[in-house]
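# Commentary on secondary and tertiary structure
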Amino acid sequence: MLKRLLLGRPFRSDRLHDTLLPKRIALPVFASDALSSVAYAPDEILLTLSIAGASAYLYSPWVALAVVVVMLTVVASYRQNVHAYPSGGGDYEVATVNLGPKFGLGVASALLVDYVLTVAVSVAAGVANLGSVVPYVAEHKVAVAVVAVVLLTAINLRGIRESGIAFAIPTYGFMIVIISMILTGLFRIGVMGDQLRAPSADLTIVAEADLTGFALFFLLLRAFSSGCAALTGVEAISNGVPAFKPPKSRNAATTLLLLGTVAVTMLVGIVALSRMTKLQYVEDPARQIVSGPAGYVQKTVTTQLGEAVFGSGLLLFIVAGATALILFLAANTAFNGFPVLGSILAQDRYLPRQLHTRGDRLAFSNGIGFLSAFAVILIIAFQAEVTRLIQLYIVGVFVSFTLSQAGMLRHWNRLLRTERDVAVRRQMYRSRAINGFGMMLTGAVLVVVLVTKFTHGAWIAIAAMAIIYLVMLGIRRHYDTVARELDPADDRPMLPARNHAVVLVSKVHQPTLRAVAYAQATRPDTLTGLTVNVDEADTRKIQAEWDAREISVPLTVIESPYREITGPIIDYVKSLRRASPRDVVTVFIPEYVVGKWWENLLHNQSALRIKGRLLFEPGVMVTSVPWQLASTSTKDLDRLDRLSHRLARGPRTEDESDDRETAAKP
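Per chain, residue numbering runs from 1 following the sequence as it is written. Restriction of local features to residues with pLDDT of at least 70 applies here, the model being predicted, together with a cutoff of 80 or more for giving and counting side-chain atom pairs; totals for whole chains, interfaces and linings are based on all residues. Here the side-chain values reflect all heavy atoms present in the structure, with hydrogen atoms and water set aside.

### Regarding the overall build of the protein
Secondary structure is summarised from DSSP: a helix means a run of H or I of at least four residues, a strand means a run of E of at least two, and numbering begins at the N terminus for each. Across its full length, the protein carries 26 helices and seven strands. Per-residue burial over the protein gives 50% buried out of 666 residues. Here the contacts in the protein between residues at least 6 apart in sequence split such that 82% fall between residues at least 24 apart. About 32000 Å² of surface is accessible on the protein, with carbon and sulfur atoms providing 61% of the total. Residue exposure (1.4 Å probe, protein chains only): buried if accessible area is under 20% of the type maximum, exposed if over 50%, otherwise partly exposed. By the convention used here, residues are in contact when the closest approach between their heavy atoms is within 4.5 Å. Here the open area of atoms and residues is found with the Shrake-Rupley method and a 1.4 Å probe, where only the protein chains shown may cover a residue.

### Remarks on the side chain of S200
For S200, the position within the fold is in the loop between helix 9 (160-190) and strand 1 (204-205). Given a relative accessible area of 0%, S200 falls into the buried group. Polar contacts involving the side chain of S200 include one to the side chain of Q304, which spans 2.5 Å. Apart from residues lying up to four places away in sequence, S200 is in contact with K278, L279, Q280, Y296 and Q304. Under this definition, polar contacts are N or O atom pairs within 3.5 Å; protein pairs additionally need one hydrogen-donor-capable and one acceptor-capable atom, and for neighbouring residues in sequence, both atoms have to be side-chain atoms.

### Observations regarding the pattern of salt bridges
A carboxyl oxygen of Asp or Glu within 4 Å of a side-chain nitrogen of Lys or Arg is what we treat as a salt bridge. Per the stated rule, a full pass over the model turns up twelve salt bridges. A salt bridge links E385 to K141; its shortest N-O distance comes to 2.5 Å. With E385 in the loop between helix 16 (365-381) and helix 17 (386-390) and K141 in helix 8 (residues 141-157), this residue pair connects regions lying 244 residues apart in the sequence. In this structure K141 comes out as partly exposed when scored by relative accessible area, which is 24%. Across the pair R549 and E545 runs a salt bridge whose closest N-O atoms are separated by 3.1 Å. By relative accessible area, which is 48% here, R549 ends up partly exposed. For E545, a relative accessible area of 31% gives the class partly exposed. In this structure, a network of salt bridges that share partners links the residues R349, R476 and D480.

### Digging into the sheet that holds strand 7 (residues 620-628)
In short, DSSP must find at least two bridges between two strands for them to pair. Strand order in this open sheet of five strands is 5-4-3-6-7, and the pairing throughout is parallel. Two strands bound the open sheet, and with one partner strand each, they are strand 5 (555-559) and strand 7. Pairs of neighbouring strands in the sheet enclose a mean axial angle of 30°, with direction left out of account. Strand direction decides the pairing type here: strand 3 (residues 499-504) and strand 4 (residues 526-533), joined by five bridges, are parallel. A fitted line through C-alpha atoms represents every axis, and for helices the fit uses only the stretch in contact; the resulting angles, taken between N-to-C directions, go from 0 to 180 degrees.

### Focus on the pairing of strand 4
For strand 4, a buried count of seven out of eight residues is recorded, marking the element as mostly surrounded by other parts of the structure. Alignment of strand 4 against strand 5, held across five bridges, turns out to be parallel. Of the residues in strand 5, the one forming a bridge with T531 is V557. Handedness is read with the strands pointing away from the viewer; a crossover is right-handed when the path from the first strand over the helix to the second is clockwise. Regarding topology, helix 22 (residues 536-548) serves as the crossover connection from strand 4 to the parallel strand 5, and that connection is right-handed.

### Digging into the side chain of E617
Within the secondary structure layout, E617 lies in the loop between helix 24 (605-614) and strand 7. Only 2.9 Å separates the side chain of E617 from the side chain of R613, close enough to count as a polar contact. Contact partners of E617, with chain neighbours within four places excluded, come to I570 and K574.

### Things to note about the packing of aromatic side chains
Aromatic ring pairs are reported here in terms of the distance separating the ring centres and the angle at which the planes meet. Under the pairing criterion, centres of Phe, Tyr and Trp rings, with the six-membered ring standing for Trp, must be within 6.5 Å; the plane angle then separates stacked pairs below 30 degrees from edge-to-face pairs above 60, leaving the rest tilted. As enumerated under the stated definition, the model contains four aromatic pairs in all. Seen in terms of ring centroids, Y78 and F401 are 5.5 Å apart; in terms of plane orientation they differ by 65°. Their pairing is edge-to-face. Separated by 323 residues along the polypeptide, Y78 in helix 4 (residues 60-84) and F401 in helix 18 (residues 395-416) bring together distant segments of the chain. Neither Y78 nor F401 differs from the other in exposure class; each is buried. Taken together, the aromatic side chains of Y78, F398 and F401 make up a single cluster linked through ring pairs. Note that R476 overlies the ring of Y350, its terminal NZ or CZ placed 5.2 Å from the centroid. We call a charge positioned above a ring when the Lys NZ or Arg CZ atom is no farther than 6 Å from the ring centre and deviates by at most 35 degrees from the ring normal.

### Details of the confidence of the model for the protein
Looking at the protein, pLDDT values average 81 and 87% of them are 70 or higher. Of all helices and strands in the protein, the one with the weakest mean pLDDT is helix 26 (residues 654-664) (38), whereas strand 3 scores best (94). Every residue gets a pLDDT, meaning the predictor's confidence in that residue, from 0 to 100. Taken together, the stretch residues 11-18 has pLDDT below 50 and engages in ten contacts with residues farther than four places along the chain or on a different chain. Long-range and interchain partners of residues 647-666, a stretch whose pLDDT sits below 50, account for ten contacts in this model, where long-range means more than four residues apart.

### Overview of the packing of helix 2 (residues 23-36) against helix 12 (residues 248-276)
Interaxial distance between helix 2 and helix 12 falls to 10 Å at its minimum, and their mutual angle equals 45°. The orientation of helix 2 relative to helix 12 falls into the category oblique. The chirality of how helix 2 crosses helix 12 is right-handed. Between helix 2 and helix 12, the residues in contact are K23, A26, L27, A31, A34 and L35 and N251, T254, T255, L258, L259, V262, A263 and M266, respectively. By the definition adopted for this analysis, an angle is roughly parallel if under 35 degrees, roughly antiparallel if over 145, roughly perpendicular if from 65 to 115, and oblique otherwise. Whether a crossing is left-handed or right-handed is set by the direction in which the near helix is turned from the far one by less than a right angle, anticlockwise for left-handed and clockwise for right-handed.

### Points about a nonpolar patch on the surface
Here a patch means residues that are over 30% exposed by relative accessible area and free of salt bridges, tied together within 9 Å if like-charged and within 5 Å if nonpolar (Val, Leu, Ile, Met, Phe, Trp, Tyr). A cluster of nonpolar residues, L58, Y59, W62, L65 and V69, forms a patch on the protein surface that exposes about 530 Å² of accessible area. For L65, a relative accessible area of 44% translates into the label partly exposed.

### Overview of the packing of helix 6 (residues 101-131) against helix 8
Angle between the axes and distance between the axes: these two values describe a pair of packed helices. Taken N-terminus to C-terminus, the directions of helix 6 and helix 8 make an angle of 125°; their axes are 9 Å apart at the nearest point. Viewed along their axes, helix 6 and helix 8 adopt a mutual orientation that is oblique. Handedness of the helix 6/helix 8 crossing: right-handed. Between helix 6 and helix 8, the residues in contact are V119, V123 and V127 and K141, V144, A145, A148, V149 and L152, respectively. For the contact of helix 6 with helix 8, the per-class residue count stands at eight nonpolar, no polar and one charged. As a working rule, the residues Ala, Val, Leu, Ile, Met, Phe, Trp, Tyr, Cys and Pro are called nonpolar, Asp, Glu, Lys and Arg charged, and the rest polar, with Gly in that last group.

### Here we look at the nonpolar core
Counting residues in each nonpolar core, the largest one holds 151 residues, and the members touching the most others are V119, V123, V234, L259, L345 and F398. In terms of residues, this core owes the most to one element, helix 6, which gives 17 residues. In this view, F398 contacts V70, C228, L231, T442, V445 and L446; residues no more than four positions away in its chain are not counted. The criterion is simple. A nonpolar core is a set of buried Ala, Val, Leu, Ile, Met, Phe, Trp, Tyr and Cys residues joined through side-chain atoms within 4.5 Å. Core analysis: the second largest hydrophobic core is formed by 17 residues, I570, V573, I589 and A607 among them.

Right, here's the structure in full:
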């Protein structure tokens, strides 16, 4: 009942089409990560530039412009992807089909790592923004971040459509709030002539190092690579094409265009307004801020801009709240991308098959659980510090960007070899040029990211990708080995020559007598009761009781000088098999069925150990013979059956009610 209260009633499989998303819902579902990145990408640009001092902020518009060029290129490139590969495999499918399974697996490992980091970074950034106006959150940011992940998990387990509707209003609210703040600030500065100043405008900051020449150029590259965090989440739409309503490819491409337009507008606006208000944001406030008010706490860029434009009233809290909320909800992009990709990889036998199955609400519940667990581990390990987590970020996404565009180049080259229509070839040439430029640009950014971030933590992400890559190869190798072992042989299977039945006897009581009777009913070739002598008095008592009841089945007693039960039984069963390898041995184990959970701790422990060991013996069949104890009578099984049936079916429709009434009439 608690599960139903939290997640809702289960959906029938044929209701999958009801979960498909229109563009207005798909935008907040799949693009919330990319849209929310503008809330911390400017922060990363400015704090990186602050290493060279306040004068380096002059470069922030040019760094932002470079990020915009990359974003527009990636959006244009992925619009080609969703048309060419609408099945939902995204970068993984593109790389696998065109470059080979190993490249596809490399893309998949990069995306899996990036999705986990998306949740960790987004939630940590949301906590940081909320902590700018709520001190309690800043003091307990790890606990708040973990609670946020748990809530997001519960919402996503209710299904993709419900989570999309829940996230649509906050996402659109964030867009309206940020764009309104930018337009209001530009209007006040450009039209009204107000001298807006950020709270940090009058601070005196010092450079951590005097950088010139190549060192300054390297710093700009590092700022650019940090700002490229704004591109994370763009690939999620190509992975989620199957979730769109028809026409799927066109709706996905339109959503990508909307995403690029809105994200670029907000990024450029925030950076421009930061320069106009003289906003300063540093990497290490304790060392770099040399003059400021007592107890000064550095606020995030969006919070400072909100205070500069709207003052310290209600509107400031709306800006901070909307930013924090969208950052929390940005993790929803990963909650939709990771399970779908995990399902595809499981179908290809690179991940456990459990990730391929849908839950009660037609969401990939196991994938959602895996994602949230790994994200919580990262948040705790890095203490929900955005600056530390961001160094691990975007490596994976640019690996997938680059390999995906390389795959698209081979895709167009392959089609051009067979296509003869002039108009179609012209369109293919244009698409190939877009993907080619995208590959060169994202490849260059990947090199920059690796060079500038490797020693700052990017090596951890690379190591994680390598480990996941090897693990997935091992899983595929295991599944292939099992498939070969289970493949039916051409010749007909040989029937066992004889069946030797063994009933395990610990006491002469009703469970044992039922097991003996059932074993006799199977008509084995030989049948014996088997007990282990660990206590001489108990063994004599069993033998006396066996003889007194005149049980027609012989009782075999095996010695155990070291008082072990499992080993002697296994040795006895093996001896039966050695005598004739074509024979089969069936071991009947009496077991108690209990009504209370704690009773399991008091019974069946020896039976479980013996059963678990016998399962590894070839040619041995293990049969449990249940005996229901009196405590099982307290369970209302009919009520449980009715409840589970009702929960599984959901509420009856009017048509079903009418059908039932009609059938009841004479």
